[in-house]
Amino acid sequence: MNNQQSSGANTGSQNQVESFQYDDDIVRKFTLATLTWGLVAMLAGLYIALQLAYFKLGQNLPWLSFGRIRPLHTNAAIFAFAGNAIFAGIYYSTQRLLRTRLWSDAVSRFHFWGWQTIIVSAALTLPFGITQGKEYAELEWPIDILIAVVWVAFGLNLLQTIRIRREKHIYVAIWFYIATFITVAVLHIVNSLAIPVTFFKSYEIYAGVTDALVQWWYGHNAVAFFLTTPFLGLMYYFIPKAVNRPVYSYRLSVIHFWTLVFIYIWAGPHHLLNTALPDWAQTVGMVFSVMLWIPSWGGMINGILTLRGAWDKLRTDPPTKFLVAATTFYGMATFEGPLLAIKSVSALAHYTDWIIAHVHAGALGWNGLLSFGMIYYLVPRLWKTKPLNVSWMNIHFWTATVGILIYTISMWAAGITQGLMWMGMDSAGKLLYPDFVQTVIRIVPLYWVRAFGGLLYLSGFVLMLVNVYQAIQTASADYTNEVTDRYPRFKALTEKLFSPGFTHERLEAMPMVLAGLALVGILIGTAVEIVPFVTANSYSESIYQGAKVKHYTPLEQAGRDIYVREGCYLCHSQMIRKLDFDVVRYGPESKMEESMWDHPFQWGSKRIGPDLAREGGKFPNLWHYRHMNNPRDLTAQSIMPSYPWLLSDKTDFEVLSKKISVLKTLGVPYSDDDVSNAVALAHAQAKIIVDDLKANGATMVDEDREIVALIAYLQLLGKQIEAPQKVGAR
Amino acid sequence: MSDIKSDNKRDNKGDSKNTGQTSGLDVLMPGHEYDGIQEFNNPAPFWWQLFFYLSIAFGVGYFAYYQLMGGPTLKEELTVKLEKIEALQVKSHPKGADESVLMAVMADPAKMAVGQKVFGEKCAACHAPDGGGLVGPNLTDNYWIHGQGKLLTIYEVVEDGVLDKGMPAWRNILAEDEILDVVGYVKSLKGKPVATAKPPQGDLVSE
């Protein structure tokens, strides 16, 4: 692409015009990766959607069970699909906005291949249950380290390109890219700290409430700084480029950039409303979420109003359609988010499919459509192709939009229906739907509708793949020739153009200062929320009120690791909220102390099945034994997957000493004896359970079967506090 | 599809009239041009600013009320609600039953049919559909763990459960009538033939 005319117009004659090439090869690579992984992510999503509608799908195959594929879907959608799209767009726009080739070709390639390696490693570990058990941070420690290295390589490339830039001032898109790099680096590193046990297993250094808070500080801000800020940057580049109009308001950019960066980081606790997290942290999370609404809409306004004077492009130019629809979905999701962050709304919506509707309005609407619009814009330019097929792009647009609407509306309906059923109580103080499974059966039809919406979205995407493929067939032979541009270094934007004194414009000429301020911005909220939990010795009385809380026996810990491995937390919460209908259904509200030895915490975020915080003692051992083998034997219409392999696979007893010693290092009060005798202790406890199972008629159970360890764990849930409390509302 | 050439056109028709202006709508920021992208400096919409200030005011007020001025904690709010629910439960579901009521149930085929239905839905998973026992004990034999299998003790076990042993409490799940009916039905199971009888648990009772 060449911009000599425009640059020429602004160039002071004193500056030496330089000639240089853009590295578009790396953009092409990331673009193709986006399309490839997009397909994988969506197929995985469709698969798990169908599993909820029809539990028999993939039944009895461990590596295809819901709890293992859901993390694959989320990781693929976020880090593989959206991630590659971000890198494609950032590398394309940054070079042009700064009039500078990327700093290092080698680092760019390392970034590309490193990122793909991470994705492939994820795909090769998650289905096998190799996970850290924290949502969107499931990947085990060796992959975590690789992520950190590759991310820093990306950041280095970005910041160095900025350092050697020709354009003195950096445009708003670049501010967002900087904030993205800095914040994601901080989030990933802090949240992933763990001590390895083996190459494939580690324990997070945080436990219980601290882990919950750190995780959702991470989780929420992964949405903020991986799925929002970079995409806002892309929006600020691709919308004005596509419609050829000036951005609506510079000052709005300034305000909403800084308010977003500062406010977003505080909002994480809205994932933990009404839980055992101390009230003050919940309140902070809630009010900052409410304050986020308007700054978010600042971005939407700026994106959409940029079209003023070019509204006809919405009809005539498919990429514009996608970009603008994406921005509209952004507006919708960022209104819904603050709403859901209100404690009383969360009481209804949390753990239900309403949240699933919300994230997909964001992921399919905002991230998906924006990436599609961007790729449609880029492909003809990157490959020098004939124009793409317009009617196919239009069909894609409508299938995608209608698909999202079917998806979100069905999940709103499912979420609100189920939420109300959970709350429902009659005038005698009894639950209207005491059987959890009743509330599941009711929404299964909506799971079919949702799967159909997803299928529609996916089919539009497949059309896009065909369209892009055909276009690339028409690529001109010289498309790999690098695009040359000419521009003077630090063109003549002289200081006198700016108002006197400190202005934001000065900051734009000092990117490192801007980066530093953004870092300070995110660290303030982080410090206020996280530091009190991490530094107060988490086990001290100030937080846990000196409760005597049992830690897990080696066998229970082994069972817990199986629970984490199978992804039970993706269907079951372990957190009875401070809400009457939760307490009546599940027993006394969960206390912070109860999870104080939990590395990692397993409070969960979704109740496809009932809460398990007080599962211990609720059913006999044999019940669990049979239920895990086939839930339908005990609960006629259950949609929970069967886990027959737990009855035949063997628990790895030998690693237990190592596990217990790592946990001891992390502060769990095991004795040296526990460490050295872990295996013997586990066998002794297993024997008691096996004897009980046999006495009640189970045949063929050996102490070393995984089911025995899992039962030991399930039977402890809710019994962690030494002096048990009265169970039930009465 | 916007063609590629249009990238290079600096096409800001309609803005040119504003060049040089310093206030009002659609003023371009002087010098702001990045890869051909220019920026207006329009004011943020009034409603946008208004709601921003309102949301901040709400945030400050909410935080102040609940965290600084002694507004109720979540736990306090929960306690109040639970007390109300408990009062409702006690009122609608008095403790204890009359043996004669249970005898009447057993004599009423309609009620026994309800009892059988409830048993199939709620109890069969643990006691087997025919009562022969599975996870829970056989209810058709002459062995009883609790209170020799008298009507009133069956009633108590069903009402309050045996929580440590995995027998749920049904008091707040089933309606009072349903409990009476299923208890009558359980009592009637004695001696019925079963597919597979679980080995006896508890004490032999000879009536």
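Peer 1: Which residues make up the interface of chain B and chain A, and what values go with them?
Peer 2: Each partner contributes residues to the interface: chain B has 73 residues there, and chain A has 91 residues. Both faces combined, the contact of chain B with chain A buries some 7200 Å², and carbon together with sulfur accounts for 59% of it. Across the contact surface, chain B and chain A share four salt bridges. A salt bridge links Asp35(B) to Lys241(A); the nearest nitrogen and oxygen atoms lie 3.3 Å apart. Among the elements of the structure, β1 (28-34), β2 (37-40), α1 (46-68), α2 (74-92) and α4 (109-127) of chain B are those that each provide at least two residues to the side of chain B that touches chain A.

Peer 1: Can you lay out the domain arrangement of chain A for me, pointing to particular residues and giving the numbers?
Peer 2: Residues and elements named next belong to chain A. Taken domain by domain, chain A holds domain 1 (21-525) and domain 2 (554-714). For domain 1 and domain 2, the distance between their C-alpha centres works out to 34 Å. Both faces combined, the contact of domain 1 with domain 2 buries some 5100 Å², and carbon together with sulfur accounts for 66% of it. Considering only the surface of domain 1 that becomes buried against domain 2, Tyr203, Tyr351 and Phe436 emerge as the three largest contributors, covering 16% of it. In this assembly, domain 1 and domain 2 are joined by three salt bridges.

Peer 1: I'd like a rundown of the packing of aromatic side chains, residues and numbers included.
Peer 2: Within the structure shown, the criterion is met by 59 aromatic pairs over all chains. Seen from their ring centres, Trp266(A) and Phe288(A) are 4.2 Å apart, and the 5 degrees between their planes marks the pair as stacked. With Trp266(A) in the loop between α9 (250-264) and α10 (279-305) and Phe288(A) in helix α10, the pair connects residues that are 22 residues apart, well separated along the chain. Side by side, Trp266(A) and Phe288(A) carry an identical accessibility label, which is buried. In this structure an aromatic cluster arises from ring pairing among Phe30(A), Phe79(A), Phe87(A), Tyr91(A), Phe112(A), Trp113(A), Trp115(A), Trp151(A), Phe154(A), Phe181(A) and Phe226(A). Against the face of Tyr66(B) rests Lys343(A), its NZ or CZ located 5.6 Å from the ring centre. Across from the ring centre of Tyr377(A), 3.7 Å away, lies the NZ or CZ of Arg381(A), which sits over that ring.

Peer 1: An account of α9(A) is requested, with residue identities and associated values reported.
Peer 2: Residues and elements named next belong to chain A. Between its first and last C-alpha atoms α9 spans 21 Å; for 15 residues at 1.5 Å apiece the expected length is 21 Å, and the two agree. Of all 15 residues in α9, 12 are buried; the element is thus mostly enclosed. Every buried residue belonging to α9 is among Tyr250, Leu252, Ser253, Val254, His256, Phe257, Trp258, Thr259, Leu260, Val261, Ile263 and Tyr264, and all of these are buried. In this structure serine 249 caps α9, since a side-chain oxygen of it lies 3.4 Å from the backbone nitrogen of arginine 251.

Peer 1: Mind laying out the packing of α10(A) against helix α12 (residues 318-340) of chain A, listing which residues take part and the relevant values?
Peer 2: Residue and element names in this part refer to chain A. Direction vectors running N to C along α10 and α12 enclose 170 degrees, while the axes themselves pass 8 Å from each other. Relative to α12, the element α10 is oriented roughly antiparallel. Here Ser289, Val290, Trp293, Ser296, Trp297, Met300, Gly303 and Ile304 of α10 lie close against α12, whose contacting residues are Thr327, Thr328, Tyr330, Gly331, Thr334, Phe335 and Pro338. Residue composition of the contact of α10 with α12, grouped by class: eight nonpolar, seven polar and no charged.

Peer 1: Tell me about the nonpolar core, residues and numbers included.
Peer 2: Generally speaking, soluble globular proteins have nonpolar side chains that are buried together. All names here are of chain A. By size, the foremost hydrophobic cluster in this structure holds 253 residues, and its most contacted members are Trp115, Leu369 and Phe372. When residues of this core are assigned to their parent elements, the largest contribution, 18 residues, is made by helix α3 (residues 66-98). Those residues within four positions of tryptophan 115 in sequence are excluded, and the remaining contacts are Phe79, Gly83, Asn84, Phe87, Phe110, Ile147, Val150, Trp151 and Phe226.

Peer 1: Would you mind going over α2(B) in detail, with residue names and values included?
Peer 2: Think of an α-helix as 3.6 residues a turn; residues three or four steps apart then line up on the same face. Between the first and last C-alpha of α2(B) there are 27 Å, a value that for 19 residues agrees with the 27 Å anticipated at 1.5 Å per step. The inward-facing, buried residues of α2(B) abut α10, α13 (343-349) and α22 (580-586) of chain A.

Peer 1: I'd love a proper account of the side chain of His350(A), names of residues and values included.
Peer 2: All names here are of chain A. If you trace the backbone, histidine 350 turns up in the loop between α13 and α14 (353-383). A polar side-chain atom of histidine 350 sits 3.5 Å from the main-chain carbonyl oxygen of histidine 271. In contact with histidine 350, not counting residues within four places along its chain, are His271, Ile355, Trp422, Arg577 and Ser605.

Peer 1: Outline the pattern of salt bridges, supporting the account with residue identities and numerical values.
Peer 2: Any two side chains of opposite charge can pair, on the condition that their charged atoms come close. Residue and element names in this part refer to chain A. Applying the stated criterion across every chain, the model contains 35 salt bridges over all chains. Two residues, aspartate 598 and arginine 560, come together in a salt bridge whose shortest N-O distance is 3.2 Å. Linking aspartate 598 in the loop between α22 and α23 (621-629) with arginine 560 in helix α21 (residues 554-565), this pair joins segments that are 38 residues apart in sequence. Pair check on accessibility: aspartate 598 and arginine 560 agree, each one buried. Connected through shared salt-bridge partners, Asp23, Asp25, Lys29 and Arg109 make up one network.

Conventions and cut-offs
- Residues numbered from 1 in each chain as written.
- Chains lettered and ligands numbered in written order.
- Predicted model: local features only at pLDDT ≥ 70, side-chain atom pairs only at ≥ 80, totals over all residues.
- Heavy atoms only, no water.
- Contact = heavy atoms within 4.5 Å.
- Buried area = accessible area lost by both parts, 1.4 Å probe.
- Salt bridge = Lys/Arg side-chain N within 4 Å of Asp/Glu carboxyl O.
- Helix = DSSP H or I, 4+ residues; strand = E, 2+ residues; numbered from the N terminus.
- Domains from an automatic or database assignment.
- Phe/Tyr/Trp six-rings, centres within 6.5 Å; stacked < 30°, edge-to-face > 60°.
- Buried < 20%, exposed > 50% of the residue type's maximum accessible area, 1.4 Å probe, protein only.
- Lys NZ or Arg CZ within 6 Å of the ring centre and 35° of its normal.
- Expected span 1.5 Å × (residues − 1).
- Polar contact = N/O pair within 3.5 Å; in protein donor to acceptor, adjacent residues only side chain to side chain.
- Axes fitted to C-alpha atoms, helices over the stretch in contact; angles between N-to-C directions.
- Parallel < 35°, antiparallel > 145°, perpendicular 65-115°, else oblique.
- Nonpolar A, V, L, I, M, F, W, Y, C, P; charged D, E, K, R; others polar.
- Core = buried A, V, L, I, M, F, W, Y, C linked by side-chain atoms within 4.5 Å.

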